[in-house]
Amino acid sequence: MDLTILYRGPLASCDYDCPYCPFAKRRDTGEQLRSDRAALERFTAWAAAQTGDRLSVLFTPWGEGLVRSWYRKALVELSRLPHIGRVAIQTNLSGRTGWLAGAERDRVALWCTYHPGQTPYERFLGRCRELTALGVRYSVGVVGLDEHLEEARRLRSALPPEVYLWVNAAEGQTYTDEQAARWTDLDPLFPYSRHPHRSAGLPCRTGESVVSVDGDGTVRRCHFVRAELGNLYDDSYRDSLGPRGCPRDVCDCHIGYVHLETLPLYDVFAGGVLERIPTRPVRIPAPDGLVPPDPDGITFPDPARRTLPFVSR
């Protein structure tokens, strides 16, 4: 089996307090942190034992994982295993990076977000330079708020040209064509983030070759669909894997819509889907394979593509 796992344990605390972020608004107690560590260590042990499968893992914690030693240890240990194709994590890059010297650089990667106002620009840029010196694959991005634009431009000019700088559309924000053009100048793929993607009934890799796993081992097709497929630790999820149509009307988060078969993003990010690194520099005026967005701002996939029946599992 070739399976991509998005793991999200109970960790919910962060060393930042971004006003636009819906996550990480909790301060974890010592007991909660111990529970998160135990859950992660259980998952890491399970992944290490699956030598008959090929796994790729993206950690998507509610909070900041890399300030916790157990996340750093998990990335290093998993990166050294030959049956792990890639292990990556979403991070604000606030912590030190030297520990990555112990990881297998061909398998470990970071998806980094710059949060202006939460960390000094020079400190964040310094962390990026450390990753470059270590030979670690990484992408860098920002939330597309007007107040972040100049900082994002400054960062783009300072980063090596091979480092992809992505832009996430701010939640709930509508962009005029003029605003969108400014962000697209920084991130040619911003048009994919600008509008939600209509997904109802359309084929998606989630639930077939991509799954979401929580700290208890509950397996779901993705973070945004609550129906359970089984549990990781008793193998009950395996019989539930298979093609299925998306039960949601729209998908508006990159870690969800990147897996839609009606979008060409597996080709765009070939070899770098988990860490959000395109296979080569991309310059496109609009998402390929899409018809123009409708007046309510929802992007339609190509209607010629096939749909699948809705299933609850």
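In case you missed it, the structure is sitting above this.
Reading the values: rules and limits
- Residues numbered from 1 in each chain as written.
- Predicted model: local features only at pLDDT ≥ 70, side-chain atom pairs only at ≥ 80, totals over all residues.
- Heavy atoms only, no water.
- Salt bridge = Lys/Arg side-chain N within 4 Å of Asp/Glu carboxyl O.
- Helix = DSSP H or I, 4+ residues; strand = E, 2+ residues; numbered from the N terminus.
- Buried < 20%, exposed > 50% of the residue type's maximum accessible area, 1.4 Å probe, protein only.
- Axes fitted to C-alpha atoms, helices over the stretch in contact; angles between N-to-C directions.
- Parallel < 35°, antiparallel > 145°, perpendicular 65-115°, else oblique.
- Left-handed = near helix turned anticlockwise from the far one by under 90°.
- Contact = heavy atoms within 4.5 Å.
- Nonpolar A, V, L, I, M, F, W, Y, C, P; charged D, E, K, R; others polar.
- Core = buried A, V, L, I, M, F, W, Y, C linked by side-chain atoms within 4.5 Å.
- Expected span 1.5 Å × (residues − 1).
- Arc of directions from axis to C-beta.

**Overview of the pattern of salt bridges**
For the structure shown, the criterion picks out 14 salt bridges. The closest approach of N and O atoms between Lys-73 and Glu-77, which form a salt bridge, is 3.9 Å. Of this pair, Lys-73 and Glu-77 both sit in helix 2 (residues 69–79), four residues apart, which is roughly one turn of that helix. The class for Glu-77 is partly exposed, based on a relative accessible area of 33%. Salt-bridge contacts for Glu-130 lead to Arg-127; the nearest nitrogen and oxygen are separated by 3.7 Å. You can see Glu-130 and its partner Arg-127 sitting in helix 3 (residues 121–134), three residues apart, about one turn around the helix. Here the residues in one salt-bridge network are Asp-53, Asp-235 and Arg-238, joined through shared partners.

**Focus: the packing of helix 3 against helix 4 (residues 149–158)**
Relative orientation of the contacting elements helix 3 and helix 4 amounts to 30°, with a least axis distance of 11 Å. Classified by the interaxial angle, the pair formed by helix 3 and helix 4 is roughly parallel. The handedness of the crossing between helix 3 and helix 4 is right-handed. The segment helix 3 lies against helix 4, with Tyr-121, Glu-122, Phe-124, Leu-125 and Arg-129 engaging Glu-151, Arg-154, Leu-155 and Ala-158. Each residue belonging to the contact of helix 3 with helix 4 can be placed in one class, and the counts come to five nonpolar, no polar and four charged.

**Examining the nonpolar core**
Grouped together as the largest cluster of nonpolar side chains are 62 residues, with contacts concentrated most on Phe-59, Leu-110, Tyr-138, Val-140, Leu-155, Leu-159 and Trp-183. Each residue touching Trp-183, except ones within four places of it in the same chain, is listed here: Val-142, Val-143, Gly-144, Leu-145, Asp-146, His-148, Leu-149, Ala-152, Val-167, Tyr-175 and Phe-190. Judged by nonpolar contacts, the second largest core, of 22 residues, contains Trp-111, Cys-204, Leu-263 and Val-273.

**Re helix 1 (residues 30–49)**
Three or four residues apart is the spacing at which side chains of an α-helix point the same way, because the helix has 3.6 residues per turn. Over its 20 residues, helix 1 runs 29 Å from end to end, which matches the ideal 28 Å to within 8%, given 1.5 Å per residue. Of all the positions in helix 1, only Leu-33, Asp-36, Ala-39, Leu-40, Phe-43, Thr-44, Trp-46 and Ala-47 are classed as buried. Projected onto a plane normal to the axis of helix 1, the buried residues spread over an arc of 160° and lie on a single side. Of the residues in helix 1, the exposed ones pointing more than 90 degrees away from the buried face are Glu-31, Arg-34 and Ala-49. Those residues of helix 1 that are buried lie in contact with strand 1 (2–8), strand 2 (54–59), helix 2 and strand 3 (84–91).

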